[in-house]
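# Descriptive structure summary
This is what each chain is made of:
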Amino acid sequence: INFKAPAGALSPPIDMQKKDYAEARRSGIERTPIQIEGESQVQDVESFNILPSNPSLQSGIPDLTHLSYLNEPSILHNLAERYVQDEIYTFAGPVLIALNPCKPLPLYTQDLANKYKSGARDYTNSLKPHVYLIAANAFRKMVREGQSQSLIVNGESGAGKTETTKKAMQYFAALAGGTGIEDQILETNPILEAFGNAKTLRNHNSSRFGKLIQIHFNKSHHMSGATIKTYLLEKSRVVRQQMGERSYHIFYQLIRGCPPEERQSLHLPMTVDGFHYLNRSNCARIDGVDDAAEFRGVCHALREIGVSEEERLQVFSLLSGVLWLGNLEFEANEADHNNDSTKVKQNPALTHASHLLGVSQTLLVSALTTKRIQAAGEIIVKLLSVEESRDSRDSR
């Protein structure tokens, strides 16, 4: 039998369990010759490895549920056919599959957003799969049914969750803006990315937290506000990162983009090399990213959402204070012959950290080198060793 199928068709059927697959191999199940499309070679494979392929006229169709044969190789083949044509969106019934193109595509212009506005008024199947269409369907159901709707954006790191969320929010702003609040809602994106995103080995702008964004509409169906809830922030990234990764963007943006008049008051050097929390992963820059320009964008966004200059400086003081905390040096207290207590070396890091965090040096040292334990109605102060003091600092 001469079959033509995508290369992925040589994988076991989805519904075949591993033990059945192993048993079939041991039993010497019938083998069948098969010719892979695009290759002249004919291979002998186990018959149960052969899955039916779809007719060529269905190649690259926009909805996977319309395939004659819905199996894993056919799904992957259809997605690949669309991907090479820069068709990164594909429907699987009500679910939208988005493949990261890893390059700019003209898919989010104002003209295209206007085109997809028709989907927010009436159901249509004449438009190509797009995140705008998913957002339009949700908006239409909210208006007609008078009930809140949800969009769930899920995927692996680097799949494009952050960008997809931003594009959906931009579409809602274009569709239901007009109150002025939509600009403030969109300006939250660079702030969230600066404080919650970081470069990882797989993704240069990986969100290291989860977020729930609730967009509110008034009775005339215009955007009237938003509530953003964040959770599960990867706090450990502040104090250590894997080789080749970075801490959160805002630290690098602050150091490289801080204006001279603020740099002195924040005790910031010109490079990240002097900070223990940032200089151990051998990765301080991202190709093609200007941290200083990104910092200016963050400052603009903070002003747009109503953060005052005083509040902004307080936030940046905390960030700088955290970095100087990482430079504190601990040593055993020589006056303690049991080596059970620790003291902090008197250096610029201690001076800068206490000043930026707004606490006295005495209180800061006590907080890092002792532990208060409440037991039986009494408070016991436990002295921490050098290693315990470092852990105390890094865990805060």
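Residues numbered from 1 in each chain as written. Predicted model: local features only at pLDDT ≥ 70, side-chain atom pairs only at ≥ 80, totals over all residues. Heavy atoms only, no water.

### Structural notes on the overall build of the chain
A tally of regular secondary structure across the chain gives 14 helices and 13 strands. Within the chain, the proportion of its 396 residues that are buried is 39%. Partitioning the contacts of the chain with sequence separation of at least 6, the portion at a separation of at least 24 is 52%. Put simply, the chain shows about 22600 Å² of open surface, and 52% of that area lies on carbon and sulfur atoms. (Helix = DSSP H or I, 4+ residues; strand = E, 2+ residues; numbered from the N terminus. Buried < 20%, exposed > 50% of the residue type's maximum accessible area, 1.4 Å probe, protein only. Contact = heavy atoms within 4.5 Å. Areas by Shrake-Rupley, 256 points an atom, 1.4 Å probe, with all protein chains shown as cover.)

### Structural notes on helix α6 (residues 161-176)
An α-helical turn contains 3.6 residues, so any two residues separated by three or four positions project in the same direction. Helix length check: α6 (16 residues) gives 22 Å between terminal C-alpha atoms against 22 Å at 1.5 Å per residue, within 8%. For α6, the complete set of buried residues consists of T162, T164, T165, K166, K167, A168, M169, Y171, F172, A173 and A176. Count one or two residues on from α6 and you reach G178, which has phi positive near 115°. (Expected span 1.5 Å × (residues − 1).)

### A closer look at the packing of helix α8 (residues 249-257) against helix α11 (residues 309-325)
The N-to-C vectors of α8 and α11 enclose an angle of 100°; their axes lie 11 Å apart at closest approach. Taken as axis vectors, α8 and α11 run roughly perpendicular relative to one another. Along its contact with α8, which presents I250, F251, L254 and I255, the element α11 presents F316, L319, S320 and L323. Looking at the contact of α8 with α11 residue by residue, the class counts come to 7 nonpolar, 1 polar and no charged. (Axes fitted to C-alpha atoms, helices over the stretch in contact; angles between N-to-C directions. Parallel < 35°, antiparallel > 145°, perpendicular 65-115°, else oblique. Nonpolar A, V, L, I, M, F, W, Y, C, P; charged D, E, K, R; others polar.)

### A short note on the pairing of strand β8 (residues 210-217)
Strand direction decides the pairing type here: β8 and strand β9 (residues 223-231), joined by 8 bridges, are antiparallel. Across the sheet, Q214 pairs through a bridge with T227, a residue of β9. Once β8 ends, the chain turns through 5 residues before running back antiparallel as β9, passing H221 with a positive phi of about 65°. (Pairing = 2+ DSSP bridges.)

### Things to note about the side chain of K166
Tracing the sequence through the fold places K166 in helix α6. Excluding residues that lie within four positions of it along the chain, K166 makes contacts with N189 and E193.

### Some points on a nonpolar patch on the surface
The grouping of L212, Y231 and L232 at the surface amounts to a nonpolar patch, some 340 Å² of accessible area in total. As for its placement among the helices and strands, L212 is situated in strand β8. Residue L212 is classed as partly exposed on the basis of its relative accessible area of 40%. (Patch = residues over 30% accessible without salt bridge, like charges linked within 9 Å, V, L, I, M, F, W, Y side chains within 5 Å. Salt bridge = Lys/Arg side-chain N within 4 Å of Asp/Glu carboxyl O.)

### Considering the packing of helix α5 (residues 131-145) against α6
Think of two packed helices as two axes; the pair is described by the angle between the axes and how far apart they sit. Following both chains from N to C, one finds α5 and α6 inclined at 55°, their axes separated by 9 Å at the closest point. In this view, α5 runs oblique relative to α6, as classed from their interaxial angle. For the element pair α5 and α6, the recorded crossing hand is right-handed. Judged by residue contacts, V131, Y132, A135, A136 and F139 of α5 engage T164, K167, A168, Y171, F172, L175 and A176 from α6. Of the residues belonging to the contact of α5 with α6, the class tally is 10 nonpolar, 1 polar and 1 charged. (Left-handed = near helix turned anticlockwise from the far one by under 90°.)

### A short note on the side chain of R393
Structurally, R393 can be placed in helix α14 (residues 386-394). Each residue touching R393, except ones within four places of it in the same chain, is listed here: Y277, L325, G326, N327, L328, F330 and L368.

### Some thoughts on the environment of V289
In this fold, V289 is placed in the loop between α9 (260-263) and α10 (291-304). For V289, a relative accessible area of 34% corresponds to the partly exposed category.

### Comments concerning the pairing of strand β12 (residues 370-375)
Relative to strand β13 (residues 378-383), β12 runs antiparallel, the two sharing 6 bridges. In the sheet register, T370 faces β13, and the bridge partner there is L383. Between β12 and the antiparallel strand that follows it, β13, lie 2 residues; A376 among them carries a positive phi value of about 55°.

### Focus: the packing of aromatic side chains
Throughout the structure, instances matching the rule amount to 8 aromatic pairs. Aromatic pair Y108 and Y132: ring centres 6.1 Å apart, planes at 75°, arrangement edge-to-face. Note that Y108 is positioned in the loop between β5 (95-98) and α3 (110-115) and Y132 in helix α5, a separation of 24 residues in sequence. Its relative accessible area of 27% is what places Y108 among the partly exposed residues. Each residue in the set Y108, Y116, Y132, F139, Y171, F172 and F217 is aromatic and connected to the rest through ring pairs, giving one cluster. Positioned over the ring face of Y108 is K167, at 4.7 Å from the centre of the ring. The cationic tip of R246 hangs over the ring face of Y252; the distance from NZ or CZ to the ring centre is 4.0 Å. (Phe/Tyr/Trp six-rings, centres within 6.5 Å; stacked < 30°, edge-to-face > 60°. Lys NZ or Arg CZ within 6 Å of the ring centre and 35° of its normal.)

### Points about the confidence of the model for the chain
Looking at the chain as a whole, the pLDDT averages 89, with 89% of positions reaching at least 70. A low-confidence stretch, residues 1-18 stays under pLDDT 50, and its non-local contacts, those more than four residues away or across chains, total 38 contacts. (pLDDT = per-residue confidence, 0-100.)

### Details of the pattern of salt bridges
Summed over all chains, the structure comprises 20 salt bridges. Its salt-bridge partner being E87, residue R82 comes within 3.8 Å of it at the nearest N-O pair. What makes R82 buried here is its relative accessible area of 6%. Notably, a salt bridge pairs E163 with K166, separated by 3.1 Å at the nearest N-O pair. Within this pair, E163 and its partner K166 are both found in helix α6, separated by 3 residues, close to a single helical turn.

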